[in-house]
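Per-entry structural report
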Amino acid sequence: MAEKPEDLNLPNAVITRIIKEALPDGVNVSKEARRAISQAASVFVLYATSCANNFALKAKRKTLNAADVLAAMEEMEFERFLEPLRAALEVYKKGQKGKKEVSEQKRKEKEKKADCEHEKSKEDEEGEDEEEQRMEEEAEEGEDEVEN
């Protein structure tokens, strides 16, 4: 855990991007204002995490989940953000599900390819064994002819 809240500031690039997306074009923000917003965002994240952690502890869990965060937002009286957060969470879950499906499909294709290669190498080995056996038989026949 960080010793001071200042140690937990969000990256300046992230703060700058959020500010630019939130404000209309042509609005400038001073360095001092960006710093203040960054500190405020860090304090908010710490407070929201602490509140969410309290809900997890009440449920005798060590892991925070989305329901804890949503309950914390309500407790902090940020109810107006609940619906946008739920919508964003749903989008995230769908994206994760899609990634998981793609990953699973790739894994199955990889296994299928490995199985095919294994079968091919097995067939090649069998073909080589048959060829070797045929050559041995021919050599034996050749020896028999030489003896006759």
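Residues numbered from 1 in each chain as written. Predicted model: local features only at pLDDT ≥ 70, side-chain atom pairs only at ≥ 80, totals over all residues. Heavy atoms only, no water.

Looking up the protein in an unreviewed UniProt entry gives the name DNA polymerase epsilon subunit 3, with the organism given as Oryzias sinensis. Turning to the protein, the UniProt record has this under Subcellular location (unreviewed entry): "Nucleus". (UniProt positions renumbered as here; feature names shortened; annotations may be inferred.)

1. Digging into the pattern of salt bridges
Inspection of every chain in the model, using the stated rule, returns 4 salt bridges. We note a salt bridge from Arg 107 to Glu 104, for which the minimum N-O separation is 2.3 Å. Taken together, the residues Arg 107 and Glu 104, both in helix α4 (residues 82-147) and 3 residues apart, mark about one turn of the helix. With its nearest N and O atoms 2.4 Å apart, the salt bridge here joins Glu 111 to Arg 107. You can see Glu 111 and its partner Arg 107 sitting in helix α4, 4 residues apart, about one turn around the helix. (Salt bridge = Lys/Arg side-chain N within 4 Å of Asp/Glu carboxyl O. Helix = DSSP H or I, 4+ residues; strand = E, 2+ residues; numbered from the N terminus.)

2. Focus on the packing of aromatic side chains
Under the defined criterion, the tally for this structure stands at 2 aromatic pairs. On the basis of an interplanar angle of 85 degrees and a centroid distance of 5.4 Å, the ring pair of Phe 44 and Phe 78 is categorised as edge-to-face. On the criterion of sequence distance, the pair formed by Phe 44 in helix α2 (residues 31-58) and Phe 78 in the loop between α3 (66-75) and α4 is long-range, its members being 34 residues apart. The exposure class of Phe 44 is partly exposed, given its relative accessible area of 33%. Each ring, one from Phe 78 and one from Phe 81, has its centre 5.7 Å from the other, and the planes form 45 degrees; the classification is tilted. Each residue in the set Phe 44, Phe 78 and Phe 81 is aromatic and connected to the rest through ring pairs, giving one cluster. Positioned above the aromatic ring of Phe 55, the side-chain terminus of Lys 58 is 5.1 Å from the ring centre. (Phe/Tyr/Trp six-rings, centres within 6.5 Å; stacked < 30°, edge-to-face > 60°. Buried < 20%, exposed > 50% of the residue type's maximum accessible area, 1.4 Å probe, protein only. Lys NZ or Arg CZ within 6 Å of the ring centre and 35° of its normal.)

3. A few points about the nonpolar core
As a rule of thumb, soluble globular proteins bury nonpolar side chains together. Core analysis: the biggest nonpolar cluster contains 8 residues, these being Ala 48, Cys 51, Ala 52, Leu 70, Ala 72, Met 73, Met 76 and Leu 82. For Leu 70, the residues in contact, after removing those within four places along its chain, are Leu 82, Leu 85 and Arg 86. (Core = buried A, V, L, I, M, F, W, Y, C linked by side-chain atoms within 4.5 Å. Contact = heavy atoms within 4.5 Å.)

4. What about the environment of Ala 48?
Assignment of secondary structure puts Ala 48 in helix α2. With 23 residues separating them in the primary sequence, Ala 48 and Ala 71 have C-alpha atoms 9.7 Å apart. Look past the residues within four positions of Ala 48 in its chain and what remains in contact with it is Ala 72 and Met 76.

5. Focus on unusual backbone geometry
Its identity is not glycine, yet Lys 60 carries a phi of approximately 60 degrees, on the positive side. Among the structural elements, Lys 60 can be located in the loop between α2 and α3. Looking at Lys 60, the relative accessible area reads 78%, which means it is exposed. Positive phi values are uncommon outside glycine, yet Glu 77 reaches one of about 65 degrees. Relative to the assigned elements, Glu 77 resides in the loop between α3 and α4.

6. Remarks on a negative patch on the surface
A cluster of like negative charges, contributed by Glu 128, Asp 129, Glu 130, Glu 132, Glu 136 and Glu 137, occupies part of the molecular surface. Of note, Glu 130 is situated in helix α4. (Patch = residues over 30% accessible without salt bridge, like charges linked within 9 Å, V, L, I, M, F, W, Y side chains within 5 Å. Areas by Shrake-Rupley, 256 points an atom, 1.4 Å probe, with all protein chains shown as cover. Lys, Arg positive; Asp, Glu negative; His and termini not counted. Charge placed at Lys NZ, Arg CZ, Asp CG, Glu CD.)

7. Examining α3
Listed in full, the buried residues belonging to α3 are Asp 68, Leu 70, Ala 72 and Met 73. The N-cap residue of α3 is Asn 65: its side-chain oxygen and the backbone nitrogen of Ala 67 are 3.1 Å apart. Directly beyond the C-terminal end of α3, a positive phi value near 65 degrees is found at Glu 77. (Polar contact = N/O pair within 3.5 Å; in protein donor to acceptor, adjacent residues only side chain to side chain.)

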